[in-house]
Amino acid sequence: MAKPLELVNVEDLTICDSTAQMITKAREDGVELFFDRANAMKACPIGEKSACCKHCSMGPCRMNVNSPYDRVGVCGATVDTILARNFGRMVAAGTAAHTDHGMAMLELFRDVINGKVKDFAIKDPMKLYEVATSLEIPTEGRELKEVAMDLYHELERTYTQVDGEIPMVKRVPKKTLELWRQAGIVPRGAMREIMEMMHRTAIGVDQDYKNITQQISRTALADGWGGSMVSTDISDILFGTPSPVEIEVDMGVLKEDRVNIIVHGHEPILLEAMMISAADPALKQMAVDAGAKGINLVGMCCSGLDVMSRHGLPHAGNFSSTEAVLVTGAVDAMTVDIQCIKQDLKRVADFYDTPFITTNYRAKIEGALHIQLDEHDPLGCTEEIIIKAISRFKTRKKPVRIPRKTVKGVHGFSYEYINYMLGGSFRGSFTPLNDNIINGRIRGVAGVVGCTNPRSKQDYSHVELVKELIRNDVLVLQTGCSQMALAKAGLTGPGAAALAGPGLAEVCETVGMPPILGLGACVDNSRILIAASEMVRVGGLGDCLADLPAAGCAPEWMSEKAIAIGHYFVASGVYVVFGHTFPMTKGTQFEKYLFEGLENEGFGKWAFSDDPKEMARLMIAHIDEKRAALGIDKARERVLLDMADRRSLDANA
Ligand code: NFS
């Protein structure tokens, strides 16, 4: 029999109250969750520092993390080669995930245009024309279908092109693109870049860490400006571009008297199809006949975020809560597609008699029921899932205990909406944002994104970091599990302005926006790239992305996708801080290159800290450095003086 796990105090595992309640309940029920396994499974001290090479059978070779140059691998690979290889393969895997997802969206788009898929249609033709125009596809006087087909063929190059530049580079600021061309890192097509990355990191190929890093950057850019960006744009075209909507989040969105169905994953098609089926009068009636007040569809993780802002769908929580939500006993079906799906969900679901259903042939789970979602007949799959959920509702055996907490917040800040919000419908523009950065009311912009991780207290670093940033007048853009952490903490509503510094609070009040803007799923980090490019285009903040007073952070990351995202921001010119751990051996040349060298070549750079206050300090210091380089640091001092003067006047009044 397995040894019982040593249990950590629940308050050290999460700041999410609902998840904490469910961890306690799971322990009472005798159900093991990943929080406790993370404690029992100590990380390998060599693997944690990425100082192990297992790409051939002469090894695996382990380096000495305390004295990294005292040995080389059997083939002679140095620690720098090993570190760069491992990093490169993480970026290749992360890029593959986003680009495969993006390609699936593009195929759906093609089959919607040619009429093979009938359950979806082009919902946002305006966005279609905008994307086509940005790629120099003629639109004037042409049929929508014709433009759409041209767009499909153009975007397909993002993935399949073997030579040349991917289409989206047309959106990259000129000077940034020039830098990429000089460095030889403009992506050709994602398949080519991922293939070359895997080849170059195999035994006996590229053994120069700087040369490997060049391909790492090229591969990562094929994600951010390729696969992810196409995925976001096509999802907007097919399902609608998000605009702000009030959404209820946290586990209290589950309802004891309804058929609760959790949809967890990444491609919006499953959740979009579930929504159509859940609105089917016959299925609604079936739920009522089973004694339920209705069907309650709830999102989790990234596809939940993707879809919630388009349709106002409730969201139950982020990556670290997907097992915990099953512990409520209230989930009548959990259905998943791809990515961030823990294999153990199946075991936990079984314990609580919850049907657990995989729907994508790329992501089956041993022992789980698989109902393939065929995009030509998606409702065949989703109707079957709903029927299974209704039948589970009717025969619920386990007691139901749902944490009561729900929080309302505003989400859905697409790039297009931010443009409109700042400038108004007739003169949509980023100018007011740039002006307020130049005059110092807003100190800079930060992207806080990425996963949660059971080795890091859930949500804690996200929330503390973002609070510290807005307190220092930094406008925060969010995606992914990070956005959900802030939503659960009640900071995605206008009320968050009370925590913002005086300059940021004033701008928020004038424009009518919150200081923390939720942009959607992880692929929607591409919206941040577009917003940053627009800031450069509008002017006054330098002429490339690296000039902007901006920084990014993934404080609780765990996925290879997060490394790919971090690196495409770095290669684009952004300073990126990662928290809690980093796959790096200290005191190596590769570390120095990622953390300093790349910046000297005109790119962004990486940094690491495991303390949210320190992360904020690093990001703010970087923003201030950029302000000084732009010569706008004095403006901020004046604004702060004005504010102080005004406050002392108020105090004397
Ligand atoms: Ni992105 Fe992390 Fe997963 Fe989404 Fe959440 S864990 S890298 S935020 S759900 S992809």
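Residues numbered from 1 in each chain as written. Predicted model: local features only at pLDDT ≥ 70, side-chain atom pairs only at ≥ 80, totals over all residues. Heavy atoms only, no water.

Looking up the protein in an unreviewed UniProt entry gives the name Carbon monoxide dehydrogenase, with the organism given as Desulforhopalus singaporensis. According to the UniProt record, the Cofactor (unreviewed entry) comment for the protein reads "[4Fe-4S] cluster". (UniProt positions renumbered as here; feature names shortened; annotations may be inferred.)

Partitioning the protein into structural domains gives domain 1 (79–239), domain 2 (251–394) and domain 3 (414–652). Put simply, the middle of domain 1 and the middle of domain 2, counted by C-alpha atoms, are 30 Å apart. Across the contact, 17 residues belong to domain 1 and 17 residues belong to domain 2. Summed over the shared surface of domain 1 and domain 2, the result is two salt bridges. The interface formed by domain 1 and domain 2 includes four residue pairs in polar contact (both at pLDDT 80 or more). Going through the elements one at a time, α4 (79–113) and α9 (209–239) are the ones with two or more residues in the side of domain 1 that touches domain 2. At eight residues, the largest contribution of residues to the side of domain 1 that touches domain 2 is made by α4. (Domains from an automatic or database assignment. Contact = heavy atoms within 4.5 Å. Salt bridge = Lys/Arg side-chain N within 4 Å of Asp/Glu carboxyl O. Polar contact = N/O pair within 3.5 Å; in protein donor to acceptor, adjacent residues only side chain to side chain. Helix = DSSP H or I, 4+ residues; strand = E, 2+ residues; numbered from the N terminus.)

With that settled, the discussion passes to the coordination of the nickel atom of the ligand. There is one protein donor for the nickel atom of the ligand, and it is Cys522 (SG), at 2.2 Å. Around the nickel atom of the ligand, the four donor atoms are arranged such that angles at the metal cover 99 to 131 degrees; this shape is classified as tetrahedral. Summarising the element assignment, cysteine 522 is placed in the loop between β12 (516–520) and α21 (525–538). (Donors = N, O, S within 2.8 Å, 3.2 Å for Na, K, Ca; no water. Tetrahedral: all angles 85-135°; square planar, octahedral: opposite > 155°, others 65-115°.)

Turning to the packing of helix α18 (residues 460–471) against helix α24 (residues 612–630), a few remarks are in order. The relative placement of two packed helices comes down to the angle between their axes together with the axis-to-axis distance. Viewed as axis vectors pointing N to C, α18 and α24 meet at an angle of 40 degrees, and their least axial separation amounts to 8 Å. With respect to α24, the element α18 is oriented oblique. In terms of crossing hand, the pair formed by α18 and α24 is right-handed. Residue-level contacts link Tyr460, Ser461, Glu464, Leu465, Glu468 and Leu469 of α18 to Pro612, Lys613, Met615, Ala616, Met619 and Ile620 of α24. (Axes fitted to C-alpha atoms, helices over the stretch in contact; angles between N-to-C directions. Parallel < 35°, antiparallel > 145°, perpendicular 65-115°, else oblique. Left-handed = near helix turned anticlockwise from the far one by under 90°.)

Within the open sheet, the six strands sit side by side as β12-β11-β10-β13-β14-β15. Their pairing is parallel. Both edges of this open sheet fall to β12 and β15 (605–609), since each of them pairs with a single strand only. Across the sheet, the axes of successive neighbouring strands diverge by a mean angle of 25 degrees, strand direction being ignored. Pairing analysis gives four bridges linking strand β11 (residues 474–479) to β12, with the strands arranged parallel. Within β12, the residue paired with valine 476 across the bridge is isoleucine 516. (Pairing = 2+ DSSP bridges.)

Strands sit in the order β5-β4-β6-β7-β8 across an open sheet of five strands; the sheet is parallel. Edge positions in the sheet fall to β5 (295–300) and β8 (369–370), since each of these pairs with one other strand and no more. Pairing between strand β7 (residues 356–358) and β8: two bridges, direction parallel. Residue pairing in the sheet places isoleucine 357 in a bridge with leucine 369 of β8. Strand contacts of helix α12 (residues 301–311): β4 (259–264) and β5, with the helix running at about 115 degrees to β5, the strand carrying the most contacts. On top of the sheet, helix α15 (residues 378–394) reaches β4, β5, β6 (333–336), β7 and β8; it is set at about 135 degrees to β4, its chief contact.

Another point: the UniProt feature "binding site: [Ni-4Fe-4S] cluster" (unreviewed entry) in the protein. Under the present numbering, the feature "binding site: [Ni-4Fe-4S] cluster" (unreviewed entry) in UniProt falls on His266, Cys302, Cys340, Cys451, Cys481 and Cys522. For the residues just named, distributed over 257 residues, the greatest C-alpha separation is only 13.2 Å, placing them together at one site. Filtering the just-named annotated residues for those lining the largest cavity gives Cys522. Of note, histidine 266 is situated in the loop between β4 and α10 (268–278). When near neighbours in sequence (up to four residues on either side) are disregarded, histidine 266 contacts His101, Cys302, Ser303, Asp306, Asp337, Ile338, Gln339, Cys340 and Lys561. Only 3.1 Å separates the side chain of histidine 266 from the backbone oxygen of isoleucine 338, close enough to count as a polar contact. For cysteine 522, a relative accessible area of 13% gives the class buried. With sequence-adjacent residues up to four places away left out, cysteine 522 is seen in contact with His98, Cys302, Thr479, Gly480 and Ile565. (1 Å grid on protein atoms, 1.4 Å probe; cavity = no way out; pocket = protein on both sides within 12 Å on 5 of 7 lines; lining within 4 Å. Buried < 20%, exposed > 50% of the residue type's maximum accessible area, 1.4 Å probe, protein only.)

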